[in-house]
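# Structural characterization, general
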Amino acid sequence: MTTIRAVTFNTLFGGHDDFGLGAGDRLRGQVAFLEGLEADILALQECNFWDLLGNRRMYQTLNALGMGSAYLAYANETTNGHRFHSVIMLSRRVQLAAHGADRDRYHHVMGWANLILPGLEGLLELRNLHLDPFDPRNRAREVSPLGVLAAPGRRSLVVGDVNSIGLRYPEPDWTRLPAHAVNGHLRLPREDEVSDRDATELLARAGFKDASHPFQQETAATAAFGDGDVPRRQDLILMSPALAPALVGYQVHLEPVDKEWSDHGAVSADFDLSLVA
């Protein structure tokens with residue numbers, strides 16, 4: 001069996017109320033949902049307080065999901081004192097060749113891993129993103145070093161919450177947002193007042209392919225379903241050209257939104273690695 005599934009999901013404060021300090025009812029619902037997706041590669045964002053007591057919440061979630069391994073990328077502290085850690089979890093079918101995290105270039109953090117997968121000769125290079133929600137210029141800087149992962153022959157996945165509108169998603173009605181919330185979404189003043197898409201455009205120009213496109217899901221919203229927000233597609237699974245032929249499935253899962261477990265849906269993509277030359 002050479003088909004593997006990659007999933008990305010923003011847990012909204014680690015699945016706990018009170019910004020991650022309160023009750024964990026949402027996380028319990030998320031775990032039951034994610035278990036049903038049977039991911040081989042699970043990229044999670046906003047894992048607040050999952051680092052405490054020796055990464056206790058991370059390992060509790062790993063064991064509840066029945067997955068094989070987990071790796072926490074420790075995030076920078078924000079101006080409100082939050083640390084939006086990210087986590088990569090792997091099924092027992094996936095072996096780890098290397099992993100790490102980069103905080104220096106990122107508003108939050110970027111977790112990364114090089115993976116050994118069944119049926120794939122060589123490594124799969126994975127990057128788990130949670131880009132700057134406030135500064136379009138910084139988002140462009142955050143993704144700029146990733147273009148090399150789309151070089152000929154490199155099999156790579158760039159996934160996560162990019163806090164930027166995915167390509168081909170219709171222009172949202174930003175007038176629905178209060179003025180103080182708009183700057184993180186629009187291009188800079190003196191430019192056209194349209195969505196900033198520099199981060200996604202840079203990755204596309206480098207060669208990355210969006211897994212939604214072959215399945216006509218470019219207009220499916222994945223996030224920002226909270227009260228007063230503007231739904232949009234910002235949870236992405238991007239493939240290098242060398243990996244793109246293996247893509248056989250893609251889906252946006254809105255159960256976490258419908259059941260109020262998160263303001264993000266999950267996104268999954270299936271890859272048949274036997275199709276990679």
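Because the structure is a prediction, the values reported are computed rather than measured. (Residues numbered from 1 in each chain as written. Predicted model: local features only at pLDDT ≥ 70, side-chain atom pairs only at ≥ 80, totals over all residues. Heavy atoms only, no water.)

### What about the overall build of the protein chain?
Going by this rule: Note on conventions: DSSP H or I runs of at least 4 residues are helices, E runs of at least 2 residues are strands, and numbering of each starts at the N terminus. With C-alpha atoms as the basis for the radius of gyration, the globule rule is written as 2.2 Å multiplied by the number of residues raised to the power 0.38. Residue burial is assigned from relative accessible area. The probe radius is 1.4 Å, only protein chains are included, and a residue is buried under 20% of its type maximum, exposed over 50%, and partly exposed in between. Two residues form a contact once any of their heavy atoms are found within 4.5 Å. We get accessible surface area from the Shrake-Rupley algorithm with a probe of 1.4 Å; when it comes to residues, only the shown protein chains can shield them. His is not counted here, nor are the chain ends, while Lys and Arg score as positive and Asp and Glu score as negative. The location of each charge is read from NZ of Lys, CZ of Arg, CG of Asp or CD of Glu.
A tally of regular secondary structure across the protein chain gives five helices and twelve strands. Taking 2.2 N^0.38 as the reference for a compact globule, 277 residues should give roughly 19 Å; the C-alpha atoms of the protein chain span a radius of gyration of 17 Å, in line with that estimate. Oriented by its inertia axes, the alpha-carbon framework of the protein chain measures out at about 50 × 45 × 35 Å. Taking all 277 residues of the protein chain together, 56% fall into the buried category. For the protein chain, contacts bridging at least 24 residues in sequence account for 66% of all contacts bridging at least 6. Accessible surface computed for the protein chain: about 12100 Å², of which carbon and sulfur atoms make up 50%. For the protein chain, the centre of its 26 positive side-chain charges and the centre of its 36 negative side-chain charges are spaced 4 Å apart.

### Quick word on the sheet that holds strand E7 (residues 124-130)
For the record, the criterion: Think of it this way: DSSP has to see at least two bridges between two strands before they count as a pair.
Spatial strand order, E5-E6-E7-E8-E10-E9: six strands in an open sheet with mixed pairing. Looking at which strands have only one partner, the edges of the open sheet turn out to be strand E5 (95-102) and strand E9 (209-210). In terms of strand pairing, strand E6 (residues 110-116) meets E7 through five bridges, oriented antiparallel. Across the sheet, Asn114 pairs through a bridge with Glu125, a residue of E7.

### Considerations on the nonpolar core
Heads up, the condition is: By nonpolar core we mean a set of buried residues, namely Ala, Val, Leu, Ile, Met, Phe, Trp, Tyr and Cys, connected to one another through side-chain atoms within 4.5 Å.
Core analysis: the largest hydrophobic core is formed by 29 residues, its most contacted members being Leu115, Leu157 and Phe271. Residue contacts for Phe271: discarding those within four places in its chain leaves Thr2, Thr3, Ile4, Ala6, Leu157, Ile237, Met239, Leu243, Ala246, Leu247 and Val248.

### A short note on the sheet that holds strand E12 (residues 266-272)
Put simply, the test is: A fitted line through C-alpha atoms serves as each axis, taken over the contacting stretch for helices, and the angle formed by two N-to-C directions is quoted from 0 to 180°.
The strand order across the open sheet built from six strands is E3-E4-E2-E1-E12-E11, with neighbouring strands paired in mixed fashion. Bordering the open sheet on either side are strand E3 (69-73) and strand E11 (247-253), each of which pairs with just one other strand. Pairs of neighbouring strands in the sheet enclose a mean axial angle of 15°, with direction left out of account. As defined by bridge partners, E11 adjoins E12 across six bridges and the pair is classed as antiparallel. Counterpart to Tyr250 in the pairing with E12 is Ala269. Each of strand E1 (3-10), strand E2 (41-45), E11 and E12 is contacted by helix H1 (residues 25-37), which is oriented at about 160° to E1, the strand it contacts most. Its contacts with the sheet place helix H2 (residues 52-65) against E2, E3 and strand E4 (86-90), and it is angled at close to 150° to E3.

### Notes on helix H3 (residues 136-143)
Test applied: We call two N or O atoms a polar contact when they sit within 3.5 Å, provided that within protein one can donate a hydrogen and the other can accept it, with sequence-adjacent residues counted only if both atoms are side-chain atoms.
By the criterion of burial, H3 is predominantly enclosed, with six of the eight residues buried. Its buried side turned inward, H3 meets E7 and helix H4 (198-206). The N-capping residue of H3, defined by a side-chain oxygen 2.9 Å from the backbone nitrogen of Arg137, is Asp135.

### Here we look at the pairing of E12
Taking burial as the measure, the seven residues of E12 include seven buried ones, the bulk of the element. Side chains Ala266, Ser268, Asp270 and Asp272 project from E12 onto one buried face, and the interleaved Val267, Ala269 and Phe271 project onto a second face that is buried too. Pairing of E1 with E12 involves six bridges; the strand directions are antiparallel. Residue pairing across strands places Thr8 opposite Val267, the latter belonging to E12.

### Some words on H4
As a reminder, the rule being used: To obtain the arc, one takes the directions from the helix axis to the C-beta atoms.
Turning to H4, its buried residues are Ala199, Thr200 and Leu203. End-on, the buried residues of H4 take up no more than an arc of 95°, which puts them together on one face. Against the buried residues of H4 lie H3 and strand E10 (235-239). The first or second residue beyond H4 is Gly207, which carries a positive phi of 125°.

### Remarks on the environment of Ile237
Position of Ile237 among the secondary structure elements: in strand E10. Its relative accessible area of 1% is what places Ile237 among the buried residues. C-alpha of Ile237 to C-alpha of Tyr250: the two residues are 13 residues apart in sequence and 9.2 Å apart in space.

### Section: the packing of aromatic side chains
Worth spelling out the cut-off: Between the rings of Phe, Tyr and Trp (Trp by its six-membered ring), a pair exists once the centres lie within 6.5 Å; its type follows the angle of the planes, with under 30 degrees stacked, over 60 edge-to-face, and the other angles tilted.
Counted under the stated rule, the structure contains three aromatic pairs. Centroid distance Phe13 to Phe19: 5.1 Å. Interplanar angle 85°. Geometry classified as edge-to-face. Residue classification places Phe13 among the buried positions, given a relative accessible area of 17%. Residues Phe13 and Phe84 carry aromatic rings whose centres are separated by 5.8 Å and whose planes lie at 40° to one another, so their mutual orientation is tilted. On the criterion of sequence distance, the pair formed by Phe13 in the loop between E1 and H1 and Phe84 in the loop between E3 and E4 is long-range, its members being 71 residues apart. When sorted by exposure, Phe13 lands in the same class as Phe84, which is buried. The rings of Phe13, Phe19 and Phe84 are connected pair by pair, giving a single aromatic cluster.

These figures come from the coordinates and say nothing about function on their own.
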